[in-house]
Amino acid sequence: MLTVLGIDVSPDLLERWVDWLAPDEQPFFVTKKQATAWKLEPDDREPTPQDRDTYLIYNVDRQAARTAWLGAGQFQELPRADRARLVRAQFTYGRGAVPSVRRWSPILGPELKQQADGHRFVWWKSLLTDPKAVLPEIVSEDLGPSRHAEVRTWPRQFERVRELAGTFPGGSGPNCFGTVMAACGVEGAEDVWMLREPFEDWLANHTERGGRDDVPGTVFVWRDTALRVQHAALTIGDGWMLHKPSQSWMTPRKIRSVGEVKRATRTAGWRLERHRVVG
């Protein structure tokens, strides 16, 4: 069994990771002028949740207002110079999954020579013939491991914490809000993209302000300058917390220390509130 961030990953999930990192067709973001110059046909299809998070679609520069969906064959049919310009444009516009050749050439070797640009490339399944050498590094990049194996006492009043801790989601969508709500007994909350409004309703109806860091049941809530909730986590006692860093398929529900979660979530303009679960 493959282990990533201290969590077991089944062969089935690893196979889905390959599809999410390198789908048969992937989006390329371009301006109208670039689409014309490179003979790319814009396509307004709706991206999947996994596409959204793999390619960081929410961060793409708005001037790249056209989207062309290309398969590996279509991509390779473009003139090499155009492929190089297209790949560099994706990096410039902030699209995700445009790694550097320097970073991956020691692992992927000669196969990278078939890619468009000497400095950047995009993932196709032809580069993932050994997914165990690639996916664990991508998924674990910038993330600390789940420390659920170090927990000695699990909170009895939050029975689902142990079940949730150290698990990857079945795709993009499940987020920090749903993870906290599920840990506190809301059925099915761990499997959906929980929006701010239902989380705020739950917070108002099931918690009260206050709480301690060293006991189970304190919900940490981070708000931005407009008072919008941005992140949430739950203490489980003995200095541990359950949280999910984002809604991405790459981020697990994991156990970290209170201090580690605080440091990882520190963001300019955010402030921390504590709420104690009641009832």
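These figures come from a predicted structure and were not determined experimentally.

Concerning helix α9 (residues 176-183)
- Burial within α9 is extensive, with eight of its eight residues counted as buried.
- Every buried residue of α9 is listed here: C176, F177, G178, T179, V180, M181, A182 and A183.
- Against α8 (160-164), α10 (196-206), β6 (216-223), β7 (229-237) and β8 (240-243) lie the buried residues of α9.
- At the exit of α9 stands G185, carrying a positive phi of roughly 105 degrees.

Here we look at the nonpolar core
- Within the largest apolar cluster, 29 residues are counted, with the highest numbers of intra-cluster contacts made by W17, W123, L135 and F168.
- By residue number, the principal contributor to this core is helix α1 (residues 11-21), which donates six residues.
- For F168, the residues in contact, after removing those within four places along its chain, are V4, L5, I7, V9, L13, W17, V139, W249, M250, T251, P252 and R253.
- By size, the runner-up hydrophobic cluster in this structure holds 26 residues, among which are F158, A165, V229 and L242.

Examining the environment of G259
- Take G259: it is sitting in helix α11 (residues 258-265).
- For G259, a relative accessible area of 26% translates into the label partly exposed.

Section: the side chain of R52
- In this structure, R52 sits in helix α3 (residues 49-54).
- According to the relative accessible area criterion, R52 is buried, its value standing at 15%.

Here's the deal with the packing of α1 against helix α7 (residues 131-140)
- As a packed pair, α1 and α7 sit with axes 11 Å apart at the nearest point and diverge in direction by 70 degrees. Between α1 and α7, the angle is such that the two are roughly perpendicular. Contact residues: L14, W17, V18 and L21 in α1; P131, K132, L135, I138 and V139 in α7.
- Here the residues of the contact of α1 with α7 sort into eight nonpolar, no polar and one charged.

Thresholds, definitions, all that
- Residues numbered from 1 in each chain as written.
- Predicted model: local features only at pLDDT ≥ 70, side-chain atom pairs only at ≥ 80, totals over all residues.
- Heavy atoms only, no water.
- Buried < 20%, exposed > 50% of the residue type's maximum accessible area, 1.4 Å probe, protein only.
- Helix = DSSP H or I, 4+ residues; strand = E, 2+ residues; numbered from the N terminus.
- Contact = heavy atoms within 4.5 Å.
- Core = buried A, V, L, I, M, F, W, Y, C linked by side-chain atoms within 4.5 Å.
- Axes fitted to C-alpha atoms, helices over the stretch in contact; angles between N-to-C directions.
- Parallel < 35°, antiparallel > 145°, perpendicular 65-115°, else oblique.
- Nonpolar A, V, L, I, M, F, W, Y, C, P; charged D, E, K, R; others polar.

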